[in-house]
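Chains, contacts and geometry: an overview
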Amino acid sequence: MAIKNTDSLNFEAVVKWSDEIAYAASSEYNALFKVFLSSGDTEYLQMFPDEKPNGVRLFTMAVSYGGKIYFVPASANHIAVYEPDKNNLYNLQIEAIDRGKDPYYKINAKFNGGMVIGKYIYMTPCTYPGFIRINSDNDTIEYYSDWVGDGNYVFRKVPLLDENMIYLPSTINNRILKIDTNTCNGQLFSIGATKGGWWSMCKQCDNYWFAPQIPGPIVRWDTKKNTFKEFDNYPDGFDGRDFYFTKIFQHGNQIVLIPAKANMGIILNVETGDMTPLFLTKYNKESVTRICFEMDKCVYLSVSKGSEVQYVKLNIKDLSMESFAFRCSKNIDKLNHDILLNFMKIKTAIKEKRYFYLNDFLMGL
């Protein structure tokens with residue numbers, strides 16, 4: 001069962017290049033695509049060099065500056081850089097980590113977040129012991145790790161830039177990473193909320209708001225008073241299913257939270273504290289919602305229930321929703337050929353996946 005031109009493609013690392021064109025890395029296997037935004041059609045370009053052909057979530061975000069696209073490595077072994085105007089794809093090496101010294105580091109969860117500040121590309125960690133800054137003029141990489149401590153944290157792909165500071169909450173405890181982009185000093189500190197474990201945070205006036213991944217309340221942190229207020233008056237029928245929310249963002253005088261395994265999203269009025277449900281699709285119960293990527297003030301989501309998947313684009317400005325889909329309409333034969341060819345070069349055991357079965361391998365022999 002090879003990849004077909006009717007199969008939906010899943011992307012996390014996506015960069016808009018022009019009004020019509022974006023470039024994206026597959027989150028299911030090793031492939032770089034050119035994306036035609038108005039139609040959802042895509043063109044397979046090539047595989048990322050020196051990465052596994054069946055690598056899952058090789059890259060979780062991408063950013064662009066100066067004619068180059070930088071792909072943030074999660075399970076990938078390198079930072080990938082693509083120059084669309086030259087059709088040039090190359091790697092930047094990442095410093096290896098000694099697991100004996102950094103026991104919390106996971107090789108398939110290196111980095112997750114990325115942003116451009118001036119001419120510098122910042123990549124924030126998932127479990128990597130440090131953050132990095134890349135000078136886009138010459139691709140030199142600087143590593144900053146004085147803040148790491150024991151390394152007990154897991155960060156996701158949602159760094160918040162507030163003036164010159166980057167903030168990023170940990171999903172497993174009440175730690176926050178704060179990066180001063182003027183000095184590149186990092187600080188890992190804990191805040192005094194009752195519970196921790198936040199996937200993302202946003203700012204509304206002088207308050208920071210945190211979206212709980214671990215079951216618990218939505219948290220508001222008044223930084224001037226250093227006080228916390230917790231909101232757990234979820235609507236009737238709310239079921240968080242042990243993985244509540246992912247992204248949180250401001251919408252006027254409301255805070256909006258996108259569900260993960262919860263059976264509804266939440267719209268919270270910051271003045272009254274009242275919560276109302278936000279339903280993304282007909283799959284409300286027992287569904288899993290994943291954030292694919294963000295573009296043009298829209299959040300692209302996949303909502304799955306069993307083998308059924310619905311793709312939803314949520315407009316942050318007005319909370320309107322529409323469906324979308326990306327499919328490979330050009331060079332699909334080359335895509336299947338490249339995947340099969342590189343599978344056959346692997347010297348370790350090959351596992352079947354939904355796009356590659358044993359029969360495909362046998363036919364390629």
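Worth saying up front: this structure is predicted, and the values here are computed from it rather than measured. Numbers given to residues run from 1 along each chain, matching the order in which its sequence is written. Where local features are concerned, this predicted model is filtered to residues with pLDDT of at least 70; where side-chain atom pairs are given and counted, the filter is 80 or more; whole-chain, interface and lining totals use all residues. Side-chain calculation: all heavy atoms of the structure are included, whereas hydrogens and water are not.

1. Topic: the overall build of the protein chain
- Scanning the protein chain for helices and strands turns up two helices and 29 strands.
- Here the protein chain has a C-alpha radius of gyration of 21 Å; the compact-globule value for 365 residues is 21 Å, and the two agree.
- Overall size of the protein chain, expressed as C-alpha extent along the three principal axes, is 65 × 45 × 40 Å.
- Partly exposed residues are those whose accessible area sits between 20% and 50% of the maximum for their type, while under 20% is buried and over 50% is exposed, using a 1.4 Å probe and protein chains only. Expressed as a percentage of the 365 residues in the protein chain, the buried residues total 55%.
- When checking whether two residues touch, look at their non-hydrogen atoms; a contact exists if any pair is within 4.5 Å. Taking as baseline every contact in the protein chain between residues at least 6 positions apart, the subset at least 24 positions apart corresponds to 45%.
- Areas reported here follow the Shrake-Rupley algorithm with a probe of radius 1.4 Å; residue values treat only the protein chains shown as occluding. Of the roughly 16600 Å² of accessible surface on the protein chain, a fraction of 46% belongs to carbon and sulfur atoms.
- Positive charge is attributed to Lys and Arg, negative charge to Asp and Glu, and no charge count is given to His or to the chain ends. Throughout, a charge is located at the NZ atom of Lys, the CZ atom of Arg, the CG atom of Asp or the CD atom of Glu. Mean positive and mean negative side-chain charge positions of the protein chain (41 and 41 charges, respectively) differ by 3 Å. We count a stretch as a helix when DSSP gives it H or I for four or more residues in a row; a strand needs E for two or more, and each element gets its number in order from the N terminus. The quantity called the radius of gyration is restricted to C-alpha atoms. Its globule counterpart is 2.2 Å times the number of residues to the power 0.38.

2. Some remarks on the pattern of salt bridges
- Just to be clear on terms, a salt bridge is a Lys or Arg side-chain nitrogen sitting within 4 Å of an Asp or Glu carboxyl oxygen. Applying the stated rule across the entire model yields 13 salt bridges.
- For Glu83, the salt bridge identified is with Lys86, shortest N-O distance 3.7 Å.
- Through salt bridges with shared partners, one network takes in Glu12, Arg57 and Lys157.

3. Concerning the sheet that holds strand E14 (residues 165-169)
- Criterion used throughout: strands pair if DSSP finds at least two bridges between them. In space, the four strands of this open sheet follow the order E13-E14-E15-E16, with antiparallel pairing throughout. Of all the strands in the sheet, just strand E13 (160-162) and strand E16 (185-190) have a single pairing partner and so form its edges. Neighbouring strand axes in the sheet, compared pairwise and without regard to direction, differ in orientation by 25° on average.
- Judged from the six bridges that link them, strand E15 (residues 175-180) and E16 form a sheet pairing that is antiparallel. Residue pairing for E16: Leu177 is matched across the bridge by Leu188. Axis definition: a line fitted to C-alpha atoms, limited for helices to the stretch in contact. Angles are taken between N-to-C directions and run from 0 to 180 degrees.

4. So, the environment of Tyr120
- Mapped onto the secondary structure, Tyr120 falls in strand E10 (residues 120-125).
- Taking the C-alpha atoms as reference points, Tyr120 and Ser136, separated by 16 residues in sequence, lie 5.9 Å from one another.
- If we ignore the near neighbours within four places in the chain, the residues touching Tyr120 are Met115, Arg133, Ile134 and Asn135.

5. Thoughts on the sheet that holds strand E17 (residues 198-204)
- Taken together, four strands build an open sheet; the order of strands is E17-E18-E19-E20 and the sheet is antiparallel. Since the sheet does not close on itself, it has two edges, and those belong to E17 and strand E20 (227-231), each with one partner. Ignoring strand direction, the axes of neighbouring strands in this sheet form an average angle of 20°.
- Note: strand E18 (residues 207-212) against strand E19 (residues 218-222), four bridges, orientation antiparallel. Within E19, the residue paired with Tyr208 across the bridge is Trp221.

6. Thoughts on the pairing of E20
- In this sheet, E20 lies alongside E19 in antiparallel orientation, the contact comprising five bridges. Within E20, the residue paired with Trp221 across the bridge is Phe228.
- Connecting E19 to the antiparallel partner E20 that follows it, the hairpin turn spans four residues, and Asn226 within it adopts a positive phi of roughly 55°.

7. Describing the packing of aromatic side chains
- Aromatic rings from Phe, Tyr and Trp, with only the six-membered ring used for Trp, were paired whenever their centres fell within 6.5 Å, and each pair was classed as stacked if the ring planes differed by under 30 degrees, edge-to-face if by over 60, and tilted otherwise. Scanning all chains against the criterion turns up 34 aromatic pairs.
- Ring geometry for Trp17 and Tyr23: centres 6.2 Å apart, planes at 80°, overall edge-to-face.
- Under the relative-accessibility criterion, Tyr23 is labelled buried at 7%.
- Each ring, one from Tyr167 and one from Tyr208, has its centre 5.1 Å from the other, and the planes form 45°; the classification is tilted. Residue Tyr167 is located in strand E14, and its partner Tyr208 is located in strand E18; the two are separated by 41 residues in the primary sequence.
- Of the residues examined, Tyr167 reaches a relative accessible area of 9% and is grouped as buried.

8. Details of the nonpolar core
- Of all hydrophobic cores here, the largest spans 27 residues; its most connected members are Phe131, Trp147, Phe249, Ile258 and Leu301.
- Leave out the neighbours within four places in its chain, and Trp147 touches Pro125, Gly130, Phe131, Tyr153, Phe155, Leu177, Gly186, Gln187 and Leu188.
- In these notes, a set of buried Ala, Val, Leu, Ile, Met, Phe, Trp, Tyr and Cys residues joined through side-chain atoms within 4.5 Å is what counts as a nonpolar core. If you look at the next biggest cluster of nonpolar residues, it comprises 25 residues, including Phe11, Met295, Tyr311 and Phe324.

9. Focus: the side chain of Asn10
- Along the chain, Asn10 falls in the segment before strand E1 (11-16).
- Taking the relative accessible area as the measure of exposure, Asn10 reaches 16% and is therefore buried.
- Looking at Asn10, its side chain comes within polar contact range of the side chain of Glu28, at 3.3 Å. Polar contacts, as used here, are pairs of N or O atoms within 3.5 Å; protein pairs need one atom able to donate a hydrogen and one able to accept it. Residues neighboring in sequence count only if both atoms are side-chain atoms.

10. Side note on the state of the cysteines
- Any two cysteine sulfur atoms within 2.5 Å of one another count as a disulfide. Under the definition given, this model contains zero disulfides.
- No disulfide involves Cys126; its sulfur sits 17 Å from that of Cys292, the nearest cysteine.
- Cys202 provides the cysteine sulfur closest to Cys205, a residue in no disulfide bond, and the two sulfurs are 11 Å apart.

11. As for the pairing of strand E6 (residues 68-73)
- For E6, a buried count of six out of six residues is recorded, marking the element as mostly surrounded by other parts of the structure.
- Side chains of E6 alternate between two faces, with Lys68, Tyr70 and Val72 and Ile69, Phe71 and Pro73 buried alike.
- Relative to E6, strand E5 (residues 59-65) is paired through six bridges, and the arrangement is antiparallel. Across the sheet, the residue bridging to Tyr65 is Lys68, located in E6.
- A loop of two residues connects E5 with E6, the two strands running antiparallel in sequence, and Gly66 in this loop sits at a positive phi of about 60°.
- As judged from the three bridges shared by E6 and strand E7 (residues 78-83), these two strands associate in the antiparallel manner. Residue pairing for E7: Ile69 is matched across the bridge by Tyr82.

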